[in-house]
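# Chains, contacts and geometry: an overview
Now for the letters of each chain:
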Amino acid sequence: MRKLFYILLFSVTGFTFKSIAQTDTKPKLVVGIVVDQMRADYLYKYQSRYGEDGFKRLLREGFNFKNANVNYIPSETAPGHASIYTGTTPAYHGIIGNSWYDRETKSIIENVSDTDEQLVGSVTENPYGASSKKMISSTITDALKEASNFKAKVISISIKDRGAILPGGKTADAAYWHDWESSPGYFVSSTYYMKKVPNWVKKFNRKEKSDTYLNETWNTLYPIDTYIASAPDDNPFEHSIGGKTSPTFPYNFKAMREKYKAKGTEFQLLWISPKGNTLLTEFAITALREEKLGMDDETDFLNISYSVPDVVGHTFGPQSVEMEDLYLRLDKDLAVLFNALDTNIGKGNYTLFLTADHGAIQNVSFLKENGVHTAIARTTGDARRLEAFLDDTYADASWVTTVNGNNLYLNKTTIDQNNLTMSVVQKEAANFLMTLPEVSVALSADDLKTKVYEDGMRKTIQNGYYAKRSGDVIVTYTPGTIIHPNPNITVERVKGTVHGSGYSYDTHVPLIWMGKGIPIGEAVRKVHTIDIAPTLAMILNLQMPGSVQGAPLKEFFREN
Ligand SMILES: [Zn+2]
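Residues numbered from 1 in each chain as written. Predicted model: local features only at pLDDT ≥ 70, side-chain atom pairs only at ≥ 80, totals over all residues.

## Details of the nonpolar core
The cut-off we apply is this: Here, a nonpolar core denotes buried Ala, Val, Leu, Ile, Met, Phe, Trp, Tyr and Cys residues that are linked to one another through C-beta atoms within 7 Å. Neighbour density around each residue's C-beta defines its exposure: 20 or more other C-beta atoms within 10 Å make it buried, 12 or fewer make it exposed, and counts between make it partly exposed, where C-beta atoms are placed from the backbone. Put simply, DSSP H or I for four residues or longer makes a helix, DSSP E for two residues or longer makes a strand, and each gets a number counted from the N terminus. All domain edges in this entry derive from an automatic or database-based domain assignment. Distance between backbone-placed C-beta atoms decides contact: two residues are in contact if it is within 7 Å.
Counting residues in hydrophobic clusters, the biggest one holds 149 residues, and the most contacted among them are Val31, Ile157, Tyr176, Ala284, Leu302 and Val473. For this core, the element with the highest residue contribution is helix H13 (residues 321-344), accounting for 9 residues. Residue assignment places this core across two domains, with domain 1 (19-200 + 270-315 + 329-363 + 507-558) and domain 2 (375-493) each supplying three or more. In this structure, Leu302 is in contact with Leu29, Val31, Ile155, Ala284, Ala287, Leu288 and Leu293, ignoring residues within four places of it in sequence.

## Some points on the environment of Thr490
Mapped onto the elements of the fold, Thr490 is located in the loop between strand S20 (481-482) and helix H20 (504-507). Each C-alpha atom of the pair Thr490 and Ile376 lies 7.0 Å from the other, and the pair is 114 residues apart in sequence.

## Re the domain arrangement of the protein chain
Size of an interface: often given as the accessible area lost when the parts come together. Defined as follows: All amino acids are sorted into three groups, where Ala, Val, Leu, Ile, Met, Phe, Trp, Tyr, Cys and Pro are nonpolar, Asp, Glu, Lys and Arg are charged, and the leftover types, Gly among them, are polar.
Per the domain assignment, the segments making up the protein chain are domain 1 (19-200 + 270-315 + 329-363 + 507-558) and domain 2 (375-493). Summarising the inter-unit geometry, the C-alpha centres of domain 1 and domain 2 are found 32 Å apart. At the interface, 15 residues of domain 1 touch 17 residues of domain 2. At the level of elements, helix H5 (90-93) and strand S5 (99-102) are the ones that each hand at least two residues to the side of domain 1 that touches domain 2. Sorting elements by how many residues they give to the side of domain 1 that touches domain 2 places S5 first, with 3 residues. Residues that form the side of domain 1 that touches domain 2 fall into these classes: 10 nonpolar, 5 polar and no charged.

## Details of the packing of helix H15 (residues 379-393) against helix H17 (residues 422-433)
What counts, and what does not: Working convention: axes come from line fits to C-alpha atoms, limited for helices to the stretch in contact. Angles between N-to-C directions cover 0 to 180 degrees. Roughly parallel means an angle under 35 degrees; roughly antiparallel, over 145; roughly perpendicular, 65 to 115; everything else is oblique. By convention, the crossing between two helices is left-handed when the near helix turns anticlockwise from the far helix through less than a right angle, and right-handed when the turn is clockwise.
Where H15 meets H17, the axes come as close as 10 Å, and the angle between the chain directions of the two elements is 125°. Taken as axis vectors, H15 and H17 run oblique relative to one another. The hand of the H15/H17 crossing is right-handed. Judged by residue contacts, Asp382, Leu386, Phe389, Leu390 and Thr393 of H15 engage Glu428, Ala429, Phe432 and Leu433 from H17. Partitioned by chemical class, the residues of the contact of H15 with H17 number 6 nonpolar, 1 polar and 2 charged.

## Here's the deal with the sheet that holds strand S8 (residues 154-158)
Counted only if it meets this: Here, any two strands with at least 2 DSSP bridges between them count as paired.
On the basis of which strands lie adjacent, the open sheet formed by 10 strands has the order S7-S10-S9-S8-S13-S2-S14-S22-S3-S23 and mixed pairing. One side of each edge strand has no neighbouring strand; the edge strands of this open sheet are strand S7 (119-120) and strand S23 (521-523). The sheet contact formed by S8 and strand S13 (residues 300-306) spans 5 bridges and is parallel. Within S13, the position partnered with Val154 by the bridge is Phe301. Against the sheet, helix H11 (residues 274-290) touches S8, strand S10 (186-190) and S13, its axis set at about 170° to S13.

## Description of the environment of Asp161
Structurally, the position occupied by Asp161 is in helix H7 (residues 161-165). For Asp161, a count of 27 C-beta atoms within 10 Å gives the class buried. Among all residues touching Asp161, those that are not within four sequence positions of it are Val112, Ala130 and Trp177.

## Regarding the sheet that holds strand S4 (residues 68-69)
Pairing in this open sheet of 3 strands is mixed, and the strands run S21-S4-S24 from one edge to the other. Every interior strand has two partners, whereas the edge strands, strand S21 (508-509) and strand S24 (527-528), have only one. Here 2 bridges tie S4 to S24, and the two strands are oriented parallel to one another. Bridged to Ala68 within S24 is Val527.

## A word on the packing of helix H12 (residues 308-316) against H13
Packed helices, taken two at a time, are described by the angle between their axes plus the distance between the axes. One can describe the packing of H12 onto H13 by two numbers: an axis separation of 9 Å at closest approach and a directional angle of 170°. Between H12 and H13, the interaxial angle falls into the category roughly antiparallel. Crossing of H12 against H13: the hand is left-handed. Listed contacts from H13 to Val308, Pro309, Val312, Gly313 and Phe316 of H12 are Glu322, Met323, Leu326 and Leu330.

## Digging into the pairing of strand S6 (residues 107-110)
Sheet topology note: the S5/S6 ladder contains 4 bridges and is antiparallel. In the strand pairing of S6, Trp100 is matched with Ile109. The hairpin formed by S5 and S6 contains 4 residues between the paired strands, and Lys106 there has a positive phi angle of roughly 55°.

## Digging into helix H21 (residues 532-539)
Among the 8 residues in H21, 8 count as buried, and that is most of the element. Residues of H21 that are buried: Ile532, Ala533, Pro534, Thr535, Leu536, Ala537, Met538 and Ile539.

## Observations regarding the environment of Gly521
As for its position among the elements, Gly521 is in strand S23. Classification of Gly521 by C-beta neighbours within 10 Å gives exposed; the count is 12. As for Gly521 and Phe65, which are separated by 456 residues in sequence, their C-alpha atoms are 8.7 Å apart. Setting aside its immediate chain neighbours within four residues, Gly521 contacts Phe63 and Glu555.

Put into structure tokens, the structure is as follows:
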């Protein structure tokens, strides 16, 4: 029936590029779902045990871009969310990582930290406010706000602060995230958005759901021997948490939280529990109802970012039964969310997309055991070697300031004092670093500022390069080589996973759309997460976000 409708439509209209979306009124609500650290293959790896109303509903009723990718480095949470919602890369929005070295204050700073703002809605004093001020591009949510004369409502929620804040841009009505530091797991916001949280948020918090959920035990949904998509539950590739002696089910959070109580970190345990996803889903549905999203003539926007999969991934890795069970349960949470959207907004009245900020590499120790080449990037060791090389080449001095992820920062004072130019030393440093084991491509900031790379890893690096914040040399490593928080660890001892590279295991993510204006189908052409925002701009007839680089997904806008 639906197909027939489109065929009829295309045969009688004479316009070129008639938008499927524009054939009718606009959606009442756009729902953006980001799953933190979801590889594209998780859609299929666990599919046989997904229910009909979660991921499988998206595949059945939606449009699946099977080859969607992040196109910059690092593939991390903050740049991931910023890029999806601005439609551009770190080169333009400036969120070059979860953190970066700030040359002015000579310190590492976090992407959304903001000491000029305070948290609101927490219980005890917390000096750490947050905002999107460091993101220098506007978002699709900002464009929606502006087009509606700021009448459209934009609500953005997540477990992590950055997962809520960056999607909301500069003008969101609210961003809420889960606070484990200064409250018993409440959803909080910042003075950047509001003086105090609305009553419905207070009421939700007063139910003390974080407390309730932390008293539950995480058991597998199905008998544990049926988890054949994963390695055995007890394996050497996973961190043991909460004082347990093995990384195995069941996870008795009630017993575990006792150990963290004194440290004041017990509510962070919810970040590694599937109930963290459930809590977020419940909060999203409450926001939907209480803020009356999608209830008037203005299109509203709800962003939901599921952070728990990232924490579970880092801790246990993609090979774990924990990961498999987490996704089977997230699938159920999504079904509940979709059902609530159907009930409150109406099936076919909202447009929804689901994607990820980044993927992750399979546990490298597990890969190595199975014969795949993997290695650890020796970032600090390489910086020391570079220091020695520059000592030998020029003079005994302090040449390297710091290394943060792929970014290596040189000491400008030393370079000035030795009457050298930055671009020359950068080039020397990049050439030297490329001689070191596992270093793949090292590019000087000068090259990144003056050359235009068309494709490949050099382009991926350039897309992630923003001169004011990025290093003097950007260093990437061979496929299968990870940057690990402990740079001295051996491959054999790595537990869980990490992400951040420009390789497909970190960059290939799901992108599925469903609802108003979205045909049923799938495409295998390579698209990027930065294409999401310009696509929404076309569906909603909005001005593009300021520095957009992505392109509308043409599958939704047929020529006829
Ligand atoms: Zn992560």
